[in-house]
Amino acid sequence: MMDDSVHSPDDALQPDASRSSNTVTVSLTINGEPVTLEVEPNVVLLDALRERLDLTGTKKGCDHGQCGACTVLIDGHSANSCLTLAVMHEGCEITTVEGLARDGQLHPVQEAFLEHDAYQCGYCTAGQMMSTVSMLNDKRIGSDDASVKEAMSGNICRCGAYKNILSAVQSARAKA
Amino acid sequence: MRNFDYQRAGDVAEATALHGNDHSADFIAGGTNLIDMVKLDIMRPERLVDVNRLPLTGIESLDDGRLKIGALVTNTDLAYHERVLADYPVLSEAILTGASTQLRNVATTAGNVMQRTRCPYFRNPARPCNKREPGSGCGALEGINRNHAVLGTSDQCIAVHPSDMCVGMQALGATLTIEGPGGTRDIPFEDYHLLPGDTPEREHDLNDGELITHVTLDAPIDGARGHYLKLRDRMSYEFALASCAAVVALDGDAIREARIALGGVGTKPWRSHEAEAALSGQPATEETFQKAAEAAMAGAVAHRDNAFKIPLAKQAIVRALATVTAQS
């Protein structure tokens, strides 16, 4: 997947100065809370979360849909938040890693990642956990290791913690 | 990423009216390919018309046995749809070998049909590319071309078509329904993607302001089985080096009807009528499969790094046919 394409700098929040301000109002639900944003059309959901709402648990890795660090749930399904515009999500329910724990209690997927030591540097972990939550009760994805690996293949771990990530996912699914 | 104006359409008529046959406007659905392209500065829309609210999310069984798929059906929903699993397993397999869970959850049926090549020369504005900038030359012809096409190439472009889903559809046969300023029209799926020839910038038979609204699969071939075999550098989340969609109906030990389409080797999702002719009426044996594979790849042209794709594709064809006929 990785190619030698030129990656543009992290400039999503610096709209083309030659264009007049063209912000759009978008209302959505983030981790159960109603949120109204005033954003330029070119702000991807990832940048809206991190830069406008201070929800920095969702990470920016490749910014091109190749690494999965930015995975969030959109209406319950995992998605790359770097490849979707915030303005496209009027009325949608977004869940980020900050929305997993409830009332001081970790989500079962967070518990499983802790228990299985399913991370090293931790940069990909939020994305890994969001993909796991998305497939927790998805019976279309088989319970064997090969099926789980395939379903999780959109989440890259540069440290190579895959063995323990797989254990954590399997453990969380078995208990779900 | 450069900025653009944004408009949200509620129905098909509003979407085509908002687009208004404007060369600088694009429709956006899932956006997984388009936003990547805008970030790379390869696509530079001045205006995006969001079609995600259009009522094109359904899958409908028609009375004549065909399956009508709304343009906005996600790759995930299409792959797991009960009619697709039952009657078009080759399509389900093809979709599920492509991309990642996150991308399949968002990418749409029509968006997949519209997706652009992954050629690194096309994706890098600093390199020459006749597809991106007609007349600038082709960096891949004399460059690093291990992943490039061996079928349907020209001296202007050897970019490979990246889709798996389209290869499944090519084997099954399908019709695209297109809505635009000139009204509604249907075109055969096979005629939609264009060979590069002297105009590699023209990738498909779609005019400004036209929108794909449906993909309708042909009725399943009676008694046919299907299989999609994808060969790639790693087991998951990787584009095909060579892939084969095989749909075969047997009559005893003989092949009554066969459909063969190839991915990873063509400049468009590649239907091989030559392979199908070599299979029709013949015994379902490895010898027959070998002849079909030779016929499919007879016109292949290799460049410096991709000659391996020709035997690889032949092996994919033989193995896909062996698998699909062994199921009976």
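Residues numbered from 1 in each chain as written. Chains lettered and ligands numbered in written order. Predicted model: local features only at pLDDT ≥ 70, side-chain atom pairs only at ≥ 80, totals over all residues. Heavy atoms only, no water.

Caption draft 1: Representation of helix H12 (residues 309-326) of chain B within the structure. Residue and element names in this part refer to chain B. Taking 1.5 Å per residue, 18 residues should reach 26 Å; H12 reaches 25 Å between its end C-alpha atoms and fits that length. Those residues of H12 lying buried are Lys 309, Ile 310, Leu 312, Ala 313, Ala 316, Ile 317, Val 318, Ala 320, Leu 321, Val 324 and Thr 325. Looking at the buried side of H12, the elements it contacts are strand S9 (225-231), strand S10 (242-251), strand S11 (254-263), helix H10 (273-279) and helix H11 (286-297). (Helix = DSSP H or I, 4+ residues; strand = E, 2+ residues; numbered from the N terminus. Expected span 1.5 Å × (residues − 1). Buried < 20%, exposed > 50% of the residue type's maximum accessible area, 1.4 Å probe, protein only. Contact = heavy atoms within 4.5 Å.)

Caption draft 2: The arrangement of the domain arrangement of chain A in detail. Residues and elements named next belong to chain A. Partitioning chain A into domains gives domain 1 (24-99) and domain 2 (108-175). Placing a centre on the C-alpha atoms of domain 1 and another on those of domain 2 gives a separation of 21 Å. Opposite the 17 residues of domain 1 that make contact, domain 2 presents 12 residues. Carbon and sulfur atoms supply 60% of the area that domain 1 and domain 2 bury against each other, a total of about 1100 Å² over both sides. Considering only the surface of domain 1 that becomes buried against domain 2, Thr 71, Leu 73 and Val 97 emerge as the three largest contributors, covering 38% of it. Our enumeration of links across domain 1 and domain 2 arrives at 0 salt bridges. In this structure, the connection of domain 1 to domain 2 is made through 5 residue pairs in polar contact (both at pLDDT 80 or more). (Domains from an automatic or database assignment. Buried area = accessible area lost by both parts, 1.4 Å probe. Salt bridge = Lys/Arg side-chain N within 4 Å of Asp/Glu carboxyl O. Polar contact = N/O pair within 3.5 Å; in protein donor to acceptor, adjacent residues only side chain to side chain.)

Caption draft 3: Expanded view of the interface of chain A and chain B. Listed per partner, the contact involves 44 residues of chain A and 43 residues of chain B. For the pairing of chain A and chain B, the buried interface totals around 3700 Å² over both sides, and the portion due to carbon and sulfur atoms is 47%. Note that B:Lys39 is salt-bridged to A:Asp63, the shortest N-O span being 2.8 Å. Mapped by element, the contributors of at least two residues to the side of chain A that touches chain B are strand S4 (77-80), helix H3 (125-135) and helix H4 (145-151) of chain A.

Caption draft 4: Structural detail: the sheet that holds S9(B). All names here are of chain B. Ordered in space as S9-S10-S11-S12, the 4 strands form an open sheet in which the pairing is antiparallel. Edge strands, defined here as strands with exactly one partner in the open sheet, are S9 and strand S12 (270-271). Both S11 and S12 contribute to a ladder of 2 bridges, which runs antiparallel. Across the sheet, the residue bridging to Ala 261 is Arg 271, located in S12. In the packing of H12 onto the sheet, contacts are made with S9, S10 and S11, and the angle to S10 comes to roughly 35°. (Pairing = 2+ DSSP bridges. Axes fitted to C-alpha atoms, helices over the stretch in contact; angles between N-to-C directions.)

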